[in-house]
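# Examining the three-dimensional arrangement
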Amino acid sequence: MHASNIDITMVSDSLIMFRRMRLKNLNNVMLLMLMLLLLQAAAAKVRHYKWEVEYMYGSPDCIENVVMGINGQFPGPTIRAQAGDTIDVALTNKLSTEGVVIHWHGIRQKETPWADGTASISQCAINPGETFRYRFKVDKPGTYFYHGHYGMQRSAGLYGSLIVEVEDGKREPFHYDGEFDLLLSDWWHQSSHHQEVSLSSKPFRWIGEPQSLLINGRGQFNCSLSSSSTLPKCRFRGNEPCAPQILHVLPNKTYRLRIASSTALASLNLAIQNHTMLVVEADGNYVKPFAVQDIDIYSGESYSVLVTTDQDPSRNYWIAIGIRGRNATTPQALTILNYHPTSASHLPPSPPPVTPLWNDFQRSQSFAQKLYALMGTPAPPATFHRRLVLLNTQNLINGFTKWAINNVSLTLPSTPYLGSIKYKLQNAFDPKSPPESFTAEYDVMKPPVNPNSVTGSGVYMFEMNQVVDVILQNANVLKGRSSEIHPWHLHGHDFWVLGYGEGKFDAKRDEKKLNTKNPVMKNTAVIFPYGWTALRFVADNPGVWAFHCHIEPHLHMGMGVIFAEGVDQVNSIPSEAITCGLTGKMLATTNTTVH
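Read on for a plain summary of the structure. As the structure is a prediction and not an experimental result, all values here were calculated from the model. (Residues numbered from 1 in each chain as written. Predicted model: local features only at pLDDT ≥ 70, side-chain atom pairs only at ≥ 80, totals over all residues. Heavy atoms only, no water.)

### Regarding the nonpolar core
In terms of nonpolar packing, the biggest core is built from 74 residues, with Leu270, Val279, Phe547 and Phe563 touching the most fellow members. Among the elements that take part in this core, strand S18 (residues 317–324) stands out by supplying four residues, more than any other. Each residue touching Phe563, except ones within four places of it in the same chain, is listed here: Leu388, Val459, Tyr460, Phe462, Val470, Leu490, Phe537, Gly543, Val544, Trp545 and Phe547. (Core = buried A, V, L, I, M, F, W, Y, C linked by side-chain atoms within 4.5 Å. Buried < 20%, exposed > 50% of the residue type's maximum accessible area, 1.4 Å probe, protein only. Helix = DSSP H or I, 4+ residues; strand = E, 2+ residues; numbered from the N terminus. Contact = heavy atoms within 4.5 Å.)

### Some remarks on helix H8 (residues 581–590)
Listed in full, the buried residues belonging to H8 are Thr583, Gly584, Met586 and Leu587. For H8, the buried positions fall inside an angular range of 160° around the axis, keeping them on one side. Those residues of H8 that are exposed and aimed more than 90 degrees away from the buried face are Lys585, Ala588 and Thr589. In the core, the buried residues of H8 are packed alongside helix H5 (417–422). (Arc of directions from axis to C-beta.)

### Considering the state of the cysteines
This model, assessed by the stated rule, comprises two disulfides. Across the disulfide, Cys62 is cross-linked to Cys242 (sulfur-sulfur distance 2.0 Å). Handedness of the Cys62-Cys242 disulfide follows from its S-S torsion of about 90°: it is right-handed. Here Cys62, found in the loop between strand S1 (46–58) and strand S2 (65–70), pairs with Cys242, found in the loop between strand S10 (212–215) and strand S11 (247–249); they are 180 residues apart in sequence, far enough to count as distant. With relative accessibility at 21%, the residue Cys62 sits in the partly exposed group. In this model, Cys124 is linked to Cys580 through a disulfide, with the two sulfur atoms separated by 2.1 Å. (Disulfide = S-S within 2.5 Å.)

### Things to note about the sheet that holds strand S7 (residues 142–148)
Taking strand neighbours across the sheet as the criterion, the four strands line up as S3-S8-S7-S5 in an open arrangement whose pairing is mixed. The open sheet has two edge strands with one neighbour each: strand S3 (79–82) and strand S5 (102–105). Across the sheet, the axes of successive neighbouring strands diverge by a mean angle of 20°, strand direction being ignored. In this structure, S5 lies alongside S7, joined through four bridges in antiparallel fashion. Bridge pairing links Ile102 to Gly148 in S7. (Pairing = 2+ DSSP bridges. Axes fitted to C-alpha atoms, helices over the stretch in contact; angles between N-to-C directions.)

### Describing the sheet that holds strand S13 (residues 267–272)
Within the open sheet, the five strands sit side by side as S11-S19-S18-S13-S16. Their pairing is mixed. Sheet topology places S11 and strand S16 (294–297) at the edges, where each strand pairs with a single neighbour. If you compare each strand with its neighbour and ignore which way they point, the axes differ by 20° on average. Pairing of S18 with strand S19 (residues 333–339) involves five bridges; the strand directions are antiparallel. Residue pairing for S19: Tyr317 is matched across the bridge by Leu337. Against the sheet, helix H4 (residues 361–368) touches S16 and S18, its axis set at about 90° to S16.

### Digging into the packing of aromatic side chains
Within this structure, the stated rule accounts for 29 aromatic pairs. Ring centres of Phe180 and Tyr255 lie 5.6 Å apart, and the angle between their planes is 35°; on these two criteria the pair is classed as tilted. A residue pair is termed long-range when its members are at least 10 positions apart, and Phe180 in strand S9 (residues 178–187) and Tyr255 in strand S12 (residues 254–261) qualify at 75 residues. Ring-pair connections join several aromatic residues into one group, and the members of that group are Tyr49, Trp51, Trp104, Trp114, Phe132, Tyr134, Phe136 and Tyr146. (Phe/Tyr/Trp six-rings, centres within 6.5 Å; stacked < 30°, edge-to-face > 60°.)

### Brief notes about the environment of Ala382
Position of Ala382 among the secondary structure elements: in the loop between H4 and strand S20 (386–397). Taking the C-alpha atoms as reference points, Ala382 and Lys517, 135 residues apart in sequence, are found 8.7 Å from one another.

### Re H4
Since the α-helix advances by 3.6 residues per turn, residues separated by three or four positions end up pointing in the same direction. Taken as a whole, H4 has its buried residues at Phe361, Ser364, Gln365, Phe367 and Ala368. Across the axial projection of H4, the buried residues extend over an arc of 160°, all falling on one side. Buried residues belonging to H4 abut strand S14 (277–282), strand S15 (285–292), S16, strand S17 (302–308), S18 and strand S27 (495–502).

### Overview of the environment of Gly148
For Gly148, the position within the fold is in strand S7. With relative accessibility at 4%, the residue Gly148 sits in the buried group.

Limitation: the analysis is restricted to geometry and does not speak to function.
Written out as structure tokens, the structure reads:
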């Protein structure tokens, strides 16, 4: 960590302010200026990191495998900062045969859209041996994380926690005595490259369910306390790198658990034996507190819960994470809440909490519908300017299985959208805007009558400050009678979750059900099987932004769209962000620095 850097633009604003004050006494002006600069320097820091991304051997679930690490760590290093700080990461690609980017999940990248970390959207992939500098401001407190956004590198283990605390002089709207970070993920014994080939094959080869669940990169393959035959394979007392990180607590204290899910596929449920959790934050936004015995968390989501250690301190308690929404046989991930002074080697005397039934979707919806914004959170605009209805379907393209939105499966261009739109380059992507809805005749409750789809790279272009409603509509899969859960993540923005419903969205019937008074703000929201979810956001952040299903295989198979707004207002794009494709040719021919 380096000393604080002073933002020159803020100093300029301060000078303007002092001129307007028309103070006659120069000494007073200089004194006030010095005080302002000192306060600013103390409040906001530039936090510098040098990272190297490479493959390494690890044993995430006690089985040795190849994982992606940063500086020899898996998961990657945790970043801790305060709101208002600037993060400066010099990222060197030490992979020998593939590019890399890192997305800072939940950070809105105000004035730095090129730092969003999305290959072919906000930047070129960082080539082997190259270093790319991510520099951006974390503008609000919350529980976030970062992960790879190129190919299926998140499945390979490229992720880590990013925690933003309140700035000095401010307080959270709740009290706690200590905190823990829990980064949840799923793990396969097949490599991410193997998975990519399977998902892109004809005939289609499904990757199957994960072999293990991980907590902070640690799990236990084939460890299930429901079977005495597998108990000897469980490692809770040893020093193996796969042994769980135990949460050591004092009696009668309140702890904040920051929980984030970077899973590639699994929807999860977390429970703490004999303890109630108070939900206080979702995706970096405060919520009206409510108590739960367990919590559903989907890929891309983050929560903070408060737990009071008010149980018998002479024993320990299980923390259990299991799969929801899919009929998986993956064992729970387990760790221990260890009360002082009880020894951490003493396993809890009773079995772990049982994960709720995988297909109890009413229970899942009940939790989601308890999320309301904390009083004081900005309310959404009363009306919208534009509405997109996005139908999620499984389709065929030339015999290959794909996911599509309004019958278009997303394919990314070789030139990053941010550069090609900024500099008005021709033939960089499909010029035609994607469909804004789907036909009224489509039956979301049945397999598609015509399963065939097309690929596309078009962009939804919004006017600055346009209020946009998005209706995410779920449907039946390609074959059989089934519909899957899809957690959708929006880059560059938070949105208001206005409501959920079943069946096909009907504006006349369903608009009156939408909550425009105190809806929760999030950056990731789920659509349930055969249902719809209504979102509202303001297109107020100049840039090009991905909006996609956060399930890694689904995005890989085309389940996403691209939003753009105010790209002409983006002041500066570092040339190293757009040195590929048509923008790369432009730079080579003009031999100038891009501004």
